[in-house]
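Each chain, written out:
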Amino acid sequence: MHFPPWTSVDDAARLLRDGLVVAIPTETVYGLAGNAYEPKALAQIFAIKERPTFDPLIVHICEISQLADVTENIPEAAYALAKAYWPGPMTMILPKKDCIPDLCTSGLPSVAVRFPSHPVAQEIIRKALVPLAAPSANLFKHVSPTTAEHVAAQLADRGLAGIVDGGPCNVGVESTIVSLVGEPTVLRPGAVTPEMIAAVVGNVKVKESTSKPGQPMAAPGQCDTHYRPQVPLFYGKLPAEFKLPERCVRIAFGDTPGVIPATLNLSETGDMLEATAKLYAYMHDLDDPRYDLILVDQIPNVGVGMALNDRLKRASIKV
Ligand code: AMP
Ligand code: MG
């Protein structure tokens, strides 16, 4: 096998039908995909990522009608949301059907389902002929990959059968997760904002997203240390007494002056969507042992900015 194992769409679909694991592009981040009905493939996904099996996987489908293949007791609100935001960066939690193995849901009676908008992802799911379970294609707790190169750098030699290069992800942050088991509740903020969900289903609750270190997670995948680069990152306004290390870099947002000049800028014009698409790539670029500290400017905590604040707060060291 060649490293990295670059793969065509048709080969990826064949490998997935054979029960192997392949990294695929989606509009949010790259996914590490396997047959959602096949426990062996799911086990391999957890093993490659070193992800604990108490952190459930999202199942990816390629048309709305497939939702009924994997979930049951689907409320009208789910179809209304699907019609409004699928295909796209929104995952819905619904009661699972028996065909979904417990390993996929970490034993939960519900399953997370998403219909991605990336045409390459859709083509792979269609040709694989089964729904694909796919968490982000990175090692557990590392920054999610938004290019095929990020995937190759972390996972190429860890036993995955292929990587499909679909270019940089244009959303760039993990999907919004909304639970429709009980009252609609946003469990993880993303590009589909609570306001957008409320516009379709009326009311939506937003779950307090961070767990405290050392305490059990309120919901899987909500560890406080998720998304952390190797180089310490500080998000927000530095306390006045903080002494900057020598080799410091700064990810700026808009034209606000910082304590050091901007190394990279998420969006000169303060465009939140542009910033979202760039954030993880910048975190990857600056996660280099040449640096001692990555500073990131404060981003307004509104709309998609809520997703950025959620991820950056988890990535940040506490001072
Ligand atoms: P990732 O695949 O890395 O984007 O993460 C998927 C996340 O979806 C998990 O870490 C959980 O937070 C969430 N999730 C998946 N399935 C469920 C479920 N059945 N109930 C609640 N949250 C879920
Ligand atoms: Mg992830």
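Everything numeric here is computed off the predicted structure, so don't read it as measured data.

### Thoughts on the overall build of the chain
Turning to step 1, where the next piece is worked out: In terms of regular secondary structure, the chain is built from 10 helices and 14 strands.
Turning to step 2, where the next piece is worked out: Its C-alpha atoms give the chain a radius of gyration of 19 Å, within 12% of the compact-globule value 20 Å for 319 residues.
Turning to step 3, where the next piece is worked out: Its C-alpha atoms give the chain principal-axis dimensions of about 55 × 50 × 40 Å.
Turning to step 4, where the next piece is worked out: Considering the chain as a whole, with its 319 residues, one finds that 55% of them fall into the buried category.
Turning to step 5, where the next piece is worked out: Taking the average place of the 28 positive charges on the side chains of the chain and the average place of its 34 negative ones, the gap between the two points comes to 4 Å.

### A short note on the sheet that holds strand S1 (residues 22–24)
Turning to step 1, where the next piece is worked out: Here we have 10 strands laid out as an open sheet, ordered S7-S1-S2-S6-S3-S5-S4-S8-S9-S10, and mixed in their pairing. The open sheet has two free edges, formed respectively by strand S7 (162–163) and strand S10 (205–206), since each of these has just one partner strand.
Turning to step 2, where the next piece is worked out: Helix H2 (residues 39–49) contacts strand S2 (31–35) and strand S6 (132–133) of the sheet and is inclined by roughly 155 degrees relative to S2.
Turning to step 3, where the next piece is worked out: With respect to the sheet, helix H4 (residues 76–85) is in contact with strand S4 (90–95) and strand S8 (176–179), its orientation differing from that of S4 by roughly 160 degrees.

### Details of the packing of aromatic side chains
Working definition: an aromatic ring pair is given by the centre-to-centre distance plus the angle between the planes.
Turning to step 1, where the next piece is worked out: Using the criterion set out here, one finds two aromatic pairs in the structure.
Turning to step 2, where the next piece is worked out: Note on Trp86 and Phe115: the rings are 6.3 Å apart at their centroids and 70 degrees apart in plane angle, and the pair reads as edge-to-face. Residue Trp86 is found in the loop between H4 and S4, and its partner Phe115 is found in the loop between strand S5 (110–114) and helix H6 (119–128); the two are separated by 29 residues along the sequence. Residues Trp86 and Phe115 agree in their burial class; the two are buried.
Turning to step 3, where the next piece is worked out: Plain terms: the ring middles of Phe234 and Phe242 are 6.5 Å apart, the flat faces sit at 20 degrees to each other, and that makes the pair stacked.
Turning to step 4, where the next piece is worked out: Overall, the relative accessible area of 7% leaves Phe234 in the buried class.
Turning to step 5, where the next piece is worked out: A relative accessible area of 26% places Phe242 in the partly exposed class.

### Some details on the environment of Ala80
Turning to step 1, where the next piece is worked out: With respect to the element layout, Ala80 can be found in helix H4.
Turning to step 2, where the next piece is worked out: Since its relative accessible area comes to 31%, Ala80 is described here as partly exposed.
Turning to step 3, where the next piece is worked out: Distance from Ala80 to Ile197, taken between C-alpha atoms, is 9.8 Å for residues 117 residues apart in sequence.

### Here we look at the side chain of Asn138
Turning to step 1, where the next piece is worked out: Tracing the sequence through the fold places Asn138 in the loop between S6 and helix H7 (148–155).
Turning to step 2, where the next piece is worked out: Within the structure, Asn138 has its side chain in polar contact with the side chain of Ser136 (distance 2.6 Å).
Turning to step 3, where the next piece is worked out: A polar contact of 3.2 Å, which involves the side chain of Asn138, links it to the backbone oxygen of His142.
Turning to step 4, where the next piece is worked out: Among all residues touching Asn138, those that are not within four sequence positions of it are Lys49, Val143, Ser144, Pro145, Gln154 and Leu155.

### Remarks on the sheet that holds strand S12 (residues 248–252)
Turning to step 1, where the next piece is worked out: As summarised here, the arrangement of the four strands in space is S11-S14-S12-S13, forming an open sheet in which the pairing is parallel. Edge positions in the sheet fall to strand S11 (233–235) and strand S13 (264–265), since each of these pairs with one other strand and no more.
Turning to step 2, where the next piece is worked out: Bridge count for S12 against S13 is two bridges, and the pairing is parallel. Paired with Ile251 across the bridge in S13 is Leu264.

### Section: the pairing of S5
Turning to step 1, where the next piece is worked out: A large share of S5 lies buried, amounting to five of its five residues.
Turning to step 2, where the next piece is worked out: Along S5, one buried face is formed by Ser110, Ala112 and Arg114 and the opposite face, lined by Val111 and Val113, is buried too.
Turning to step 3, where the next piece is worked out: Examined bridge by bridge, strand S3 (residues 58–60) and S5 share three bridges and lie parallel to one another. Paired with His60 across the strands is Arg114, a residue of S5.
Turning to step 4, where the next piece is worked out: In the sheet, S4 pairs with S5 via five bridges, with the strands oriented antiparallel. Across the sheet, residue Ile93 finds its bridge partner in S5, namely Ala112.

### Points about the nonpolar core
In globular proteins that are soluble, nonpolar side chains generally tend to be buried together.
Turning to step 1, where the next piece is worked out: Among the nonpolar cores identified, the biggest contains 44 residues, and Leu32, Leu81, Trp86, Met90, Met92, Leu155 and Leu160 are the most heavily contacted of them.
Turning to step 2, where the next piece is worked out: Ranked by size, the runner-up nonpolar core spans 28 residues in total, among them Val143, Leu266, Met272 and Leu286.

### Some points on the packing of helix H9 (residues 272–286) against helix H10 (residues 305–315)
Turning to step 1, where the next piece is worked out: Closest axis-to-axis distance for the H9/H10 pair is 10 Å, and the angle between their directions is 25 degrees. It follows from the interaxial angle that H9 and H10 lie roughly parallel. Note on packing geometry: the crossing formed by H9 with H10 is left-handed. On H10, the residues that touch Met272, Ala275, Thr276, Leu279, Tyr280 and Met283 of H9 are Gly305, Leu308, Arg311, Leu312 and Ala315.
Turning to step 2, where the next piece is worked out: Along the lines of polarity and charge, the residues of the contact of H9 with H10 split into eight nonpolar, two polar and one charged.

Cut-offs used in this document
Residues numbered from 1 in each chain as written. Chains lettered and ligands numbered in written order. Predicted model: local features only at pLDDT ≥ 70, side-chain atom pairs only at ≥ 80, totals over all residues. Heavy atoms only, no water. Helix = DSSP H or I, 4+ residues; strand = E, 2+ residues; numbered from the N terminus. Rg over C-alpha atoms; globule rule 2.2 N^0.38 Å. Buried < 20%, exposed > 50% of the residue type's maximum accessible area, 1.4 Å probe, protein only. Lys, Arg positive; Asp, Glu negative; His and termini not counted. Charge placed at Lys NZ, Arg CZ, Asp CG, Glu CD. Pairing = 2+ DSSP bridges. Contact = heavy atoms within 4.5 Å. Axes fitted to C-alpha atoms, helices over the stretch in contact; angles between N-to-C directions. Phe/Tyr/Trp six-rings, centres within 6.5 Å; stacked < 30°, edge-to-face > 60°. Polar contact = N/O pair within 3.5 Å; in protein donor to acceptor, adjacent residues only side chain to side chain. Core = buried A, V, L, I, M, F, W, Y, C linked by side-chain atoms within 4.5 Å. Parallel < 35°, antiparallel > 145°, perpendicular 65-115°, else oblique. Left-handed = near helix turned anticlockwise from the far one by under 90°. Nonpolar A, V, L, I, M, F, W, Y, C, P; charged D, E, K, R; others polar.

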